[in-house]
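# Observations on the model geometry
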Number of protein chains: 4
Amino acid sequence: MPRQVRARRLPPEVRREQIVAAVLKVVAEHGVPEATVARIAQAANVSEGTLYVYFPSRREMLLAALEAILNEMYALIDIEPEADALTRLRKIGKIHAQEMAAERGLMALPWFEFIAAGPQVGLREAVAETHRSAYRRLRGIIEDGIAKGTIRSDVDPDRLAWGFYTVLWAENIACMMGMKEYLGDGHADHIMDLILSEAAPRKRPEA
Amino acid sequence: MPRQVRARRLPPEVRREQIVAAVLKVVAEHGVPEATVARIAQAANVSEGTLYVYFPSRREMLLAALEAILNEMYALIDIEPEADALTRLRKIGKIHAQEMAAERGLMALPWFEFIAAGPQVGLREAVAETHRSAYRRLRGIIEDGIAKGTIRSDVDPDRLAWGFYTVLWAENIACMMGMKEYLGDGHADHIMDLILSEAAPRKRPEA
Amino acid sequence: MPRQVRARRLPPEVRREQIVAAVLKVVAEHGVPEATVARIAQAANVSEGTLYVYFPSRREMLLAALEAILNEMYALIDIEPEADALTRLRKIGKIHAQEMAAERGLMALPWFEFIAAGPQVGLREAVAETHRSAYRRLRGIIEDGIAKGTIRSDVDPDRLAWGFYTVLWAENIACMMGMKEYLGDGHADHIMDLILSEAAPRKRPEA
Amino acid sequence: MPRQVRARRLPPEVRREQIVAAVLKVVAEHGVPEATVARIAQAANVSEGTLYVYFPSRREMLLAALEAILNEMYALIDIEPEADALTRLRKIGKIHAQEMAAERGLMALPWFEFIAAGPQVGLREAVAETHRSAYRRLRGIIEDGIAKGTIRSDVDPDRLAWGFYTVLWAENIACMMGMKEYLGDGHADHIMDLILSEAAPRKRPEA
DNA sequence: AATGAATGAGTTTTCATTCAT
DNA sequence: TATGAATGAAAACTCATTCAT
């Protein structure tokens, strides 16, 4: 007869999600190096031993959390899927900037928080892969826009996608360092406009 | 009970620099969280005790290394001091890009490697301050350019300086994650051109 | 990476007591400053890590041990609770003297062994508080005796209690320094008699 | 040409005294466990290396300091050497009590501060020997008093000397723990009177 | 499946002692 | 004689991982 039932028997998938959510919470609050299994267990309202029933190691827990962030990023990218490419890009950029400025949600958990484990733990490669994955999705939008004529046909999709990404990254860094002066004064927005205006079709490239 | 004299007596200043160099080396190789005093001591070829003769704590060692990076950044910014502002900015951008692509020198040790110690250690604030310090220097160049007429007078120096910084940051991130495709294909250069061309005086601001 | 299971799983309370016992043993043998966690772990036959499962710090281990000593002292004070006050005091004094002379049991672990951690650790205050606590209990006996007429009504309970305590302290010091000549030849007993005879009611206060 | 002359060449004996004084100062301030050679060197205004020119080890420094305390105790005992024995004892007791209450001078550095190094360092035995030495001197006064008739001839000098010592010890302990209530309210004085009145010659032994 | 007590290697930091200068 | 840079063993404490229950 157990004195206290901490966690009811739960479907494995649910339990896993519960743990992943806990990892994200702890990482957001304390950063990766301080995301100890003890803290994760507490946040997940589960014993430390249970974590190891669902994950072979702390590293795997972090990777699972990274994947969750990727999905969040996908969700952001897939916002307003019926709009034209440029509109979509602008929308994505705007929301990202807002999230960064507000330090809110998963987006405010900068991806490279995961870089923090050091170059040799192998999380960095995972982060890079995550970025590449999101990047490809983004470029898909651009290529689609070119095909549909909503983006100038002479635009190099790689160039535009990376330009877009440049701003996202800078926002992430600024968010991570708490540089309100960068996030708050629309500097990133300005660069974003500059980059996207290059891609706008018709007439002069400047509006 | 000292058993063995490993390192010959050295002028304190030299030894300090030796240690700082070791810190940078270890951080570059393993990242901040894995930059243990044991590793630093080994890299500096001194005992762990010796480290504490020169620094009161591991944190101070890291801060000293951060300062060295800042000085490197200053040196980069002060390159070609007699040239006109735009030329200087272009030159700084070019060298930074090269260093990042080559993963060479101190510049290739991305500043925000130091962010990796986790939000609670207080290194992040130090990094942010370092960035602000370099930023101000950069803006000084711009303001000087405006005063001398080599930069358009209607340019907002903050906007331009942050725009410039945006690219540096993105390059740093890409370098840190080993994203050769970003660094090698001139994507950052392109954004840099876009930003700087806005600031060029005479004629139409866009080519 | 746990290699070996040294200690079988035990009810937490039992393990805690086991550790406290180990602390007392080590302190008695080596003194507080040399009561290292390594020694305590060895004495308790658990790993050092296990100690920190039950106590947040070495200091807390020492305080727990101090509390155990206080309880022992309480037990001594509460001996023969139905006897009259003077008889009780005499009995307490006698047993204390015996324990000190025999260097036996917890009583032989002088309280102020805990003072030895140095003035800055803050254990001294805890020791003082422990003494005050036992002192109050002792004074309670005396006040009770006065109320019941077994102690002269003109006796100042504080004076008598501190007088009693004076002898206990001296015995402790002598025990700690191994001064057999003091403990063995009844010198403390004599002072104790002197002090208690003052408190005896009726007739002449003793010749 | 040395940049800064810390300590002029000094007669060895003077330098030794300088160091011993530093040890006492540091022990009084920080206690034995915290009396590090670094602190001692600083207090003596001498390099750490120099300490080892005059003493083979930290332990010897502490023992030398203990000896200095013994001399201080001798000086206290030899106060008013021409007075009669009881007067001398009363005087000694009074000054000791004052010093303890005021936490002043070397006397306020309780001897058993030196016990703090732990039972196995061998300082305790040295402390005990110091006490015995002072004890013998004290008993000499008493024996002298008996011979001269200023102390009752039926008094056991050992008993009286130890009784006297009992109070000194208790005062030391109280001082060490900061028990103002004991030191300030004359409790120790009272016991002292009790003990000494036993030794007063003529008439009844005191009421 | 779930637990959490137990582990021990590893972390940062301290400090008595030595010895080349 | 005097120095203080250098040492390394040992201190307190942390934490990912295991496994008997």
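Refer to the structure printed above.
Presented here is a report on the structure given in the accompanying data block. (Residues numbered from 1 in each chain as written. Chains lettered and ligands numbered in written order. Predicted model: local features only at pLDDT ≥ 70, side-chain atom pairs only at ≥ 80, totals over all residues. Heavy atoms only, no water.)

## Brief notes about the side chain of serine 133 of chain A
You can see serine 133 of chain A is positioned in helix H6 (residues 123-148). Overall, serine 133 of chain A belongs to the buried group, its relative accessible area being 16%. (Helix = DSSP H or I, 4+ residues; strand = E, 2+ residues; numbered from the N terminus. Buried < 20%, exposed > 50% of the residue type's maximum accessible area, 1.4 Å probe, protein only.)

## Regarding the relation of the copies chain C and chain D
Between the two copies of the chain lies a relationship made up of a rotation around an axis and a movement along it. Between the two copies, chain C and chain D, the superposition gives an RMSD of 0.5 Å; the rotation angle is 178° and the shift along the axis is 0.2 Å. Seen this way, the second copy is the image of the first under a two-fold rotation axis. (Least-squares fit on C-alpha atoms with pLDDT ≥ 70 in both.)

## Focus on the interface of chain C and chain D
Quite often, the size of an interface is put as the accessible area lost when its parts meet. Residue-level contacts link 43 residues of chain C with 42 residues of chain D. Across the chain C to chain D interface the summed buried area is about 3,900 Å²; carbon plus sulfur atoms make up 68%. At the junction of chain C and chain D, the tally comes to 2 salt bridges. We note a salt bridge from glutamate 181 of chain C to arginine 132 of chain D, for which the minimum N-O separation is 2.5 Å. At the junction of chain C and chain D, the tally comes to 8 residue pairs in polar contact (both at pLDDT 80 or more). Broken down by secondary-structure element, the contributors of at least two residues to the side of chain C that touches chain D are helix H1 (12-30), helix H6 (123-148), helix H7 (157-177), helix H8 (180-184) and helix H9 (187-199) of chain C. In terms of residue count, H7 of chain C provides more of the side of chain C that touches chain D than any other element does, 12 residues in total. In the side of chain C that touches chain D, the residues fall into 22 nonpolar, 11 polar and 10 charged. (Contact = heavy atoms within 4.5 Å. Buried area = accessible area lost by both parts, 1.4 Å probe. Salt bridge = Lys/Arg side-chain N within 4 Å of Asp/Glu carboxyl O. Polar contact = N/O pair within 3.5 Å; in protein donor to acceptor, adjacent residues only side chain to side chain. Nonpolar A, V, L, I, M, F, W, Y, C, P; charged D, E, K, R; others polar.)

## Observations regarding the relation of the copies chain B and chain A
The transform that puts chain B on chain A rotates by 178° and translates by 0.1 Å along the axis, for an RMSD of 0.5 Å. Mapped onto chain A, 98% of the interface residues of chain B are again interface residues, and the two copies thus contact each other with one and the same surface.

## Describing the packing of aromatic side chains
This structure, assessed with the given rule, holds 28 aromatic pairs over all chains. Seen in terms of ring centroids, tryptophan 169 of chain A and tyrosine 182 of chain B are 5.2 Å apart; in terms of plane orientation they differ by 70°. Their pairing is edge-to-face. One end of the pair, tryptophan 169 of chain A, is in helix H7 (residues 157-177); the other, tyrosine 182 of chain B, is in helix H8 (residues 180-184), on a second chain. Judged by relative accessible area, tyrosine 182 of chain B falls into the buried class, the value being 0%. Ring plane angle 40° and centroid distance 5.8 Å describe the contact between tryptophan 162 of chain D and tryptophan 169 of chain D, whose orientation is recorded as tilted. For the pair tryptophan 162 of chain D and tryptophan 169 of chain D, one class covers both residues: buried. (Phe/Tyr/Trp six-rings, centres within 6.5 Å; stacked < 30°, edge-to-face > 60°.)

## Focus on the pattern of salt bridges
In total, this model carries 45 salt bridges over all chains according to the counting rule given. A salt bridge links aspartate 158 of chain A to arginine 139 of chain A; the shortest N-O distance between them is 3.0 Å. Pair noted here: aspartate 158 of chain A is in helix H7 and arginine 139 of chain A is in helix H6, with a separation of 19 residues, a long-range link. Residue classification places arginine 139 of chain A among the partly exposed residues on the basis of a relative accessible area of 22%. Residues arginine 139 of chain D and glutamate 143 of chain D are paired through a salt bridge, measuring 3.6 Å at the closest nitrogen-oxygen approach. Taken together, the residues span about one helical turn, with arginine 139 of chain D and glutamate 143 of chain D both in helix H6 (residues 123-148) at a distance of 4 residues.

## Description of the interface of chain B and chain A
Contacts between the two partners involve 44 residues from chain B, matched on the other side by 43 residues from chain A. Here chain B packs against chain A, burying approximately 4,000 Å² in sum over the two surfaces, 68% of which is carbon and sulfur. The interface formed by chain B and chain A holds 2 salt bridges in total. Top contributing element to the side of chain B that touches chain A by residue count: helix H7 (residues 157-177) of chain B, with 12 residues.

## Some points on helix H2 (residues 37-44) of chain C
All names here are of chain C. For H2, every residue scored as buried is listed here: Val37, Ile40, Ala41 and Ala44. Angular distribution of buried residues about the axis of H2 spans 100°; they occupy a single face of the element. Buried residues in H2 make contact with H1, helix H3 (48-54) and helix H4 (58-77). (Arc of directions from axis to C-beta.)

## Points about the environment of glutamate 143 of chain D
The class for glutamate 143 of chain D is partly exposed, based on a relative accessible area of 39%. Residues glutamate 143 of chain D and valine 155 of chain D, 12 residues apart in the sequence, show an inter-C-alpha distance of 9.4 Å.

## Structural notes on the packing of helix H1 (residues 12-30) of chain B against helix H2 (residues 37-44) of chain B
For any two helices packed against each other, one specifies the crossing angle of their axes together with the interaxial distance. Residue and element names in this part refer to chain B. In the contact formed by H1 and H2, the axes pass within 8 Å of each other and the chain directions differ by 120°. Put simply, H1 runs oblique to H2. Seen along the crossing, H1 lies across H2 with a hand that is right-handed. Residues Gln18, Ile19, Ala22, Val23, Val26 and His30 of H1 form the contact with H2, whose participating residues are Arg39, Ile40, Ala43 and Ala44. Residue composition of the contact of H1 with H2, grouped by class: 7 nonpolar, 2 polar and 1 charged. (Axes fitted to C-alpha atoms, helices over the stretch in contact; angles between N-to-C directions. Parallel < 35°, antiparallel > 145°, perpendicular 65-115°, else oblique. Left-handed = near helix turned anticlockwise from the far one by under 90°.)

## A few points about unusual backbone geometry
Both trends apply: most residues other than glycine have a negative phi, and most peptide bonds are in trans. All names here are of chain A. With a phi angle near 55°, asparagine 45 is a residue other than glycine that sits in the positive phi range. Mapped onto the fold, asparagine 45 is located in the loop between helix H2 (37-44) and helix H3 (48-54). For glutamate 80, which is not glycine, the phi torsion reads 45° and is therefore positive. In this structure, glutamate 80 sits in the loop between helix H4 (58-77) and helix H5 (85-102).

## Description of the environment of alanine 41 of chain C
All names here are of chain C. Among the secondary structure elements, alanine 41 is positioned in helix H2. Residue alanine 41 is classed as buried on the basis of its relative accessible area, which comes to 3%. Taking C-alpha positions, alanine 41 is 9.8 Å from valine 26, a pair spaced 15 residues apart along the chain. If we ignore the near neighbours within four places in the chain, the residues touching alanine 41 are Val46, Ser47, Glu48 and Leu51.

Honestly, that's just the spatial picture; any functional story needs more than this.
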